[in-house]
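A closer look at the structure
This is what each chain is made of:
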Amino acid sequence: MIDVITIDGPAGSGKSTVSRLLAKRLNYIYLDTGAMYRAVALAAERKDIGIYESNKLKELCRSIDLRYKTDEDPPRLLLDGQDISAAIRTPSMDMLSSSISSVKEVREAMAILQRTISKGARVVAEGRDMGTIVFPEAEHKFFLTASHEVRAERRYRERLQRGESASMFHVSEEMKTRDLQDENRFLSPLKPAKDAVLIDSTLLSPDEIVEKIIRHLKK
Ligand code: DC
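Residues numbered from 1 in each chain as written. Predicted model: local features only at pLDDT ≥ 70, side-chain atom pairs only at ≥ 80, totals over all residues. Heavy atoms only, no water.

1. As for the layout of surface pockets
Considering only enclosed or pocket space, the largest pocket measures out at about 1200 Å³ in volume. Forming the boundary of the largest pocket are 47 residues, of which Ser16, Asp32, Arg89, Arg155 and Glu158 lie nearest the centre. It is helix 7 (residues 148–161) that contributes the most residues to the lining of the largest pocket, 6 residues altogether. For the lining of the largest pocket, the residue count by class is 14 nonpolar, 13 polar and 20 charged. (1 Å grid on protein atoms, 1.4 Å probe; cavity = no way out; pocket = protein on both sides within 12 Å on 5 of 7 lines; lining within 4 Å. Points joined across faces, edges and corners; volume = space filled by probe spheres on them. Helix = DSSP H or I, 4+ residues; strand = E, 2+ residues; numbered from the N terminus. Nonpolar A, V, L, I, M, F, W, Y, C, P; charged D, E, K, R; others polar.)

2. A short note on helix 4 (residues 91–100)
For helix 4, the set of buried residues is Met93, Asp94, Ser97, Ser98, Ser99 and Ile100. Buried-residue contacts for helix 4 involve helix 2 (33–46), helix 3 (54–63), helix 5 (104–118), helix 7 and helix 8 (168–184). (Buried < 20%, exposed > 50% of the residue type's maximum accessible area, 1.4 Å probe, protein only. Contact = heavy atoms within 4.5 Å.)

3. Considerations on the environment of Gly131
Looking at the element boundaries, Gly131 is found in helix 6 (residues 130–134). The class for Gly131 is buried, based on a relative accessible area of 3%. For the pair formed by Gly131 and Glu158, sequence separation is 27 residues and the distance between their alpha carbons is 26 Å. In this view, Gly131 contacts Thr6, Asp8, Pro136, Lys141 and Ala193; residues no more than four positions away in its chain are not counted.

4. A closer look at the nonpolar core
Grouped together as the largest cluster of nonpolar side chains are 33 residues, with contacts concentrated most on Val40, Leu57 and Val106. Elements represented by at least two residues in this core include exactly helix 2, helix 3, strand 4 (76–79), helix 4, helix 5, strand 6 (123–127) and helix 6. Ranked by residue count, the leading element in this core is helix 2, at 9 residues. Not counting residues up to four positions away in its chain, the partners in contact with Leu57 are Ala44, Ile49, Gly50, Ile51, Ile100, Val103 and Val106. Val18, Leu22, Val210 and Ile213 belong to the second-largest nonpolar core, a separate cluster that totals 16 residues. (Core = buried A, V, L, I, M, F, W, Y, C linked by side-chain atoms within 4.5 Å.)

5. Topic: the sheet that holds strand 4
Overall, antiparallel pairing links the 3 strands, which are arranged 3-4-5 in an open sheet. One side of each edge strand has no neighbouring strand; the edge strands of this open sheet are strand 3 (66–69) and strand 5 (82–83). Two elements, strand 4 and strand 5, share 2 bridges in a ladder whose sense is antiparallel. In the strand pairing of strand 5, Leu79 is matched with Gln82. Seen against the sheet, helix 2 touches strand 3, strand 4 and strand 5 and runs at an angle of roughly 30° to strand 4. (Pairing = 2+ DSSP bridges. Axes fitted to C-alpha atoms, helices over the stretch in contact; angles between N-to-C directions.)

6. A closer look at the site of the ligand
Around the ligand, the structure places 17 residues, and the nearest of them are Arg38, Arg107, Asp129, Arg178 and Asp182. In the environment of the ligand, an oxygen atom lies 3.3 Å from a nitrogen or oxygen atom belonging to the side chain of Ser101. Between the ligand and the protein, one listed contact pairs an oxygen atom with a side-chain N or O atom of Arg107 at 2.8 Å. Coverage of the ligand by the protein amounts to 99% of the 440 Å² it exposes when considered alone. According to the grid-proximity analysis, the pocket containing the ligand is the largest pocket. Elements that contribute at least two residues to the shell around the ligand include exactly helix 2, helix 4 and helix 8. It is helix 2 that provides the largest number of residues to the shell around the ligand, a total of 4 residues. Classifying every residue of the shell around the ligand by side-chain character gives 2 nonpolar, 6 polar and 9 charged. (Near = heavy atom within 4 Å. Polar contact = N/O pair within 3.5 Å; in protein donor to acceptor, adjacent residues only side chain to side chain. Areas by Shrake-Rupley, 256 points an atom, 1.4 Å probe, with all protein chains shown as cover. Sits in = over half its atoms within 2 Å of the grid points.)

7. Here's the deal with empty space enclosed by the protein
Under the criterion given, the structure shown has 1 cavity of 30 Å³ or more. Counted as a void, the largest cavity has a volume near 80 Å³. Residue lining of the largest cavity: Asp94, Met95, Arg155, Arg159, Val171, Glu174, Met175 and Arg178, and that is the complete set. Listed by contribution, the elements that provide at least two residues to the lining of the largest cavity are helix 4, helix 7 and helix 8. Among the elements that make up the lining of the largest cavity, the one with the highest residue count is helix 8 (4 residues). Residues of the lining of the largest cavity, tallied by class, amount to 3 nonpolar, no polar and 5 charged.

Next comes the structure, spelled out in structure tokens:
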């Protein structure tokens, strides 16, 4: 039985849309682990905890009250009962979540939480280290890539759709910085698992990617 399907990749590779669609199609739980790191970043900012205060971050992760409201589409994320789904999707949270995700105590706490949520469940787990570190035993692993230009363009459009003002140049530069940070950090860097299927999403729609994944699952 397939219990966990992992989907990793950089920002803008299409993994969130694809993971959500795939989970819906298979009737699996969709585990957005980037949102978890974003929530920790937001909680740390609200409590004025810096990224070098590892003990305080550890305590924050231990006590954090995070809940998913899965009866809505897309699912909502609540921190201390408050809907933070929009607050975690800002450019500053893009960068802070990336920085905070390099802290050992934060990664350890999140990995435990991710495994606990997934125990005994059928899950599409999306992130950076799902196939390599958190679920190395998963039978089906996918890694999405796309050209930098297309990924930046997707993020740029998302921002415009949210009514934010954005410049393509800034989005592209921020993305480069975040990619470098995520790929080069010491712990759980962004990289494909050795047994992951690589999918280049540059010229594919989310539905086409889902179909490709389903074909692999049936093999
Ligand atoms: O997928 P995302 O853009 O929402 O993720 C935000 C940040 O969280 C990303 O820059 C790196 C970090 N992250 C991580 O380190 N490991 C994961 N499994 C998911 C996200």
